[in-house]
Amino acid sequence: MDLFEQLLAAARKDRNAMRGVTPELLTALEQSFRQGNTSAPVPQRTAVAARPEPAPALEPVPEPALQKTAQTFAAPAAADGSSLEEMAETVRTCARCELGRHRQNAVFGEGDPHAELMFIGEGPGADEDRQGRPFVGKAGQLLDKMIAAMQFRRAEVYIANVVKCRPPDNRTPTPEEACLCIGYLVRQIELIRPKVIVLLGATAAHFLLNRQEGITRLRGRWLEYNGIPVMPTYHPAYLLRQESAKRDAWHDLQLVMAKFGKSYR
Ligand code: URA
């Protein structure tokens, strides 16, 4: 047994220690362990099959959350909620993480519940926190222009964020905060079932798609989330600071327009 297998065996003895540990997490842990420990021998499949003791059945994951390893996450699970209204009510008083203690208002998201186009940002800023609505500050004004340029009305798309409460000083949400919150977003997507999702910035791609690359590498090509085409592009707040990136963002948005049979004239 190498060190990883010894750790695994010890953890399996203690069922409590295994609560919430999914097979995906174990695989990710093993990969990350082996990457950092190239001297550790990789057991052959036959050796695994020959183990005398079968692993005990794992208990279901208690929280609809991502499982965190060093940098990667298992697929996020949806939060409970039979309708958007019901979930918005839950989010209004959510106390799953520290962010809830500092908010003025939770920002659930808004738009057409049957929207074909959905935009996903990172988290509310000060203006959004004050108004309880997503993308209503300076970045939001630019997003409005982007939506209009795409020949959509804001009311006919849906806009949401990875985290529903404002991170202090507009910092990036921590993995813990994102993990505890993203189940709401996953359920929003399940309920809305958009035809296309636009991810605004790297944070959304990181936590929803488990992509580690920066947005410059990710943007401008189609990815997929549960069968839904996803286009990552620059966050409008970045575009406000970096005017020269607008050209690339417009390229990305035109790819999205083409999916809807729209083109710029
Ligand atoms: N930035 C975001 O990512 N989301 C908002 O709602 C506002 C600013």
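Because the structure is predicted, anything quoted here is derived from the model rather than measured.

Asks: Honestly, the overall build of the chain in this entry has me stumped. Any pointers?
Replies: From N to C terminus, the chain includes 12 helices and six strands. Going through the 265 residues of the chain one by one, you find that 45% of them count as buried. When contacts within the chain are restricted to residue pairs at least 6 apart in sequence, long-range pairs at least 24 apart make up 70% of them. Total accessible area on the chain is roughly 14200 Å²; 50% of this is exposed by carbon and sulfur atoms.

Asks: I would appreciate a short explanation of the sheet that holds strand β2 (residues 117-121) in the present structure.
Replies: Through backbone hydrogen bonds, the strands of a sheet pair up, either in parallel or in antiparallel fashion. The strand order across the open sheet formed by six strands is β1-β3-β2-β4-β6-β5, and the pairing between neighbours is mixed. A strand with exactly one partner marks an edge of an open sheet, and here the two such strands are β1 (110-111) and β5 (223-225). Bridge analysis of β5 against strand β6 (residues 228-233) gives three bridges, and the strand direction is antiparallel. Across the sheet, the residue bridging to Glu 224 is Pro 229, located in β6.

Asks: Got a minute to help me understand the site of the ligand in this structure?
Replies: The environment of the ligand is made up of Gly 121, Glu 122, Gly 123, Glu 128, Pro 134, Phe 135, Asn 161 and His 235. Between Glu 122 and the ligand, the recorded distance is 2.8 Å, taken from a backbone N or O atom to an oxygen atom. In the model, an oxygen atom of the ligand is placed 2.8 Å from a nitrogen or oxygen of the His 235 side chain. Of the residues in the shell around the ligand, the class split is two nonpolar, four polar and two charged.

Asks: Would you mind showing me how to read unusual backbone geometry here?
Replies: The bulk of non-glycine residues show a negative phi, and the bulk of peptide bonds are trans. Phi at Asp 169 takes a positive value of approximately 55°, unusual for a residue other than glycine. The topology assignment puts Asp 169 in the loop between β3 (158-161) and α8 (175-192). Although it is not a glycine, Arg 193 sits at a positive phi angle of roughly 50°. With respect to the helices and strands, Arg 193 occurs in the loop between α8 and β4 (196-200). Residue Arg 193 is classed as exposed on the basis of its relative accessible area, which comes to 66%.

Asks: I'm lost on the nonpolar core in this one. Help?
Replies: In globular proteins that are soluble, nonpolar side chains generally tend to be buried together. Counting 61 residues, the largest nonpolar core has Leu 117, Ile 120 and Leu 208 as its most contacted members. With eight residues, α8 is the largest single contributor of residues to this core. Look past the residues within four positions of Leu 208 in its chain and what remains in contact with it is Pro 76, Ile 120, Ile 182, Leu 185, Val 186, Ile 189, Leu 199 and Tyr 225.

Asks: Would you take a moment to explain the side chain of His 235 for this structure?
Replies: Take His 235: it is sitting in the loop between β6 and α11 (236-241). In contact with His 235, other than residues within four places in its own chain, are Glu 122, Phe 135, Ala 139, Leu 200 and Gly 201.

Asks: Mind showing me how you'd approach the pairing of β2 here?
Replies: Consecutive side chains along a regular strand alternate between the two faces of the sheet. By the criterion of burial, β2 is predominantly enclosed, with five of the five residues buried. Side chains Leu 117, Phe 119 and Gly 121 of β2 all project onto a buried face; the interleaved residues Met 118 and Ile 120 project onto the opposite face, where all are buried too. Pairing of β2 with β4 involves four bridges; the strand directions are parallel. Across the sheet, Ile 120 pairs through a bridge with Leu 199, a residue of β4.

Asks: Looking at this structure, I do not really get the side chain of Glu 128. What am I missing?
Replies: Checked against the element boundaries, Glu 128 lands in helix α6 (residues 126-131). For the buried Glu 128, no salt bridge is present, and the opposite-charge side chain at shortest range is Arg 166, 7.0 Å distant. Excluding anything up to four places from it in sequence, Glu 128 contacts Val 107, Arg 133, Pro 134, Phe 135, Val 136 and Gly 137.

Asks: Got a minute to help me understand the pairing of β4 in this structure?
Replies: Counting buried positions along β4 gives five out of five residues, so the element sits mostly inside the fold. Both faces of β4 are covered, namely the face carrying Val 196, Val 198 and Leu 200 and the face carrying Ile 197 and Leu 199. Taken together, the four bridges between β4 and β6 define a ladder with parallel strand orientation. Note on β6: the bridge partner recorded for Val 198 is Met 231.

Asks: Would you mind showing me how to read the confidence of the model for the chain here?
Replies: A low pLDDT score tells you not to read the predicted coordinates there in detail. Averaged over every residue, the pLDDT of the chain is 81; the share at 70 or more is 72%. When the criterion is pLDDT under 50, residues 10-71 qualifies, and its contacts beyond four places in sequence or with other chains add up to 75 contacts.

Asks: Just checking my understanding: could you explain the environment of Ala 237 for this structure?
Replies: By the secondary structure assignment, Ala 237 is in helix α11. Distance in space between the C-alpha atoms of Ala 237 and Gln 141 is 9.9 Å, their sequence separation being 96 residues.

Asks: Teacher, can you tell me more about the environment of Arg 187 here?
Replies: Along the chain, Arg 187 turns up in helix α8. Assessed through its relative accessible area of 18%, Arg 187 is described here as buried. Arg 187 sits 108 residues away from Ala 79 along the chain, and the two C-alpha atoms are 5.8 Å apart.

About the thresholds
Residues numbered from 1 in each chain as written. Predicted model: local features only at pLDDT ≥ 70, side-chain atom pairs only at ≥ 80, totals over all residues. Heavy atoms only, no water. Helix = DSSP H or I, 4+ residues; strand = E, 2+ residues; numbered from the N terminus. Buried < 20%, exposed > 50% of the residue type's maximum accessible area, 1.4 Å probe, protein only. Contact = heavy atoms within 4.5 Å. Areas by Shrake-Rupley, 256 points an atom, 1.4 Å probe, with all protein chains shown as cover. Pairing = 2+ DSSP bridges. Near = heavy atom within 4 Å. Polar contact = N/O pair within 3.5 Å; in protein donor to acceptor, adjacent residues only side chain to side chain. Nonpolar A, V, L, I, M, F, W, Y, C, P; charged D, E, K, R; others polar. Core = buried A, V, L, I, M, F, W, Y, C linked by side-chain atoms within 4.5 Å. Lys, Arg positive; Asp, Glu negative; His and termini not counted. Salt bridge = Lys/Arg side-chain N within 4 Å of Asp/Glu carboxyl O. pLDDT = per-residue confidence, 0-100.

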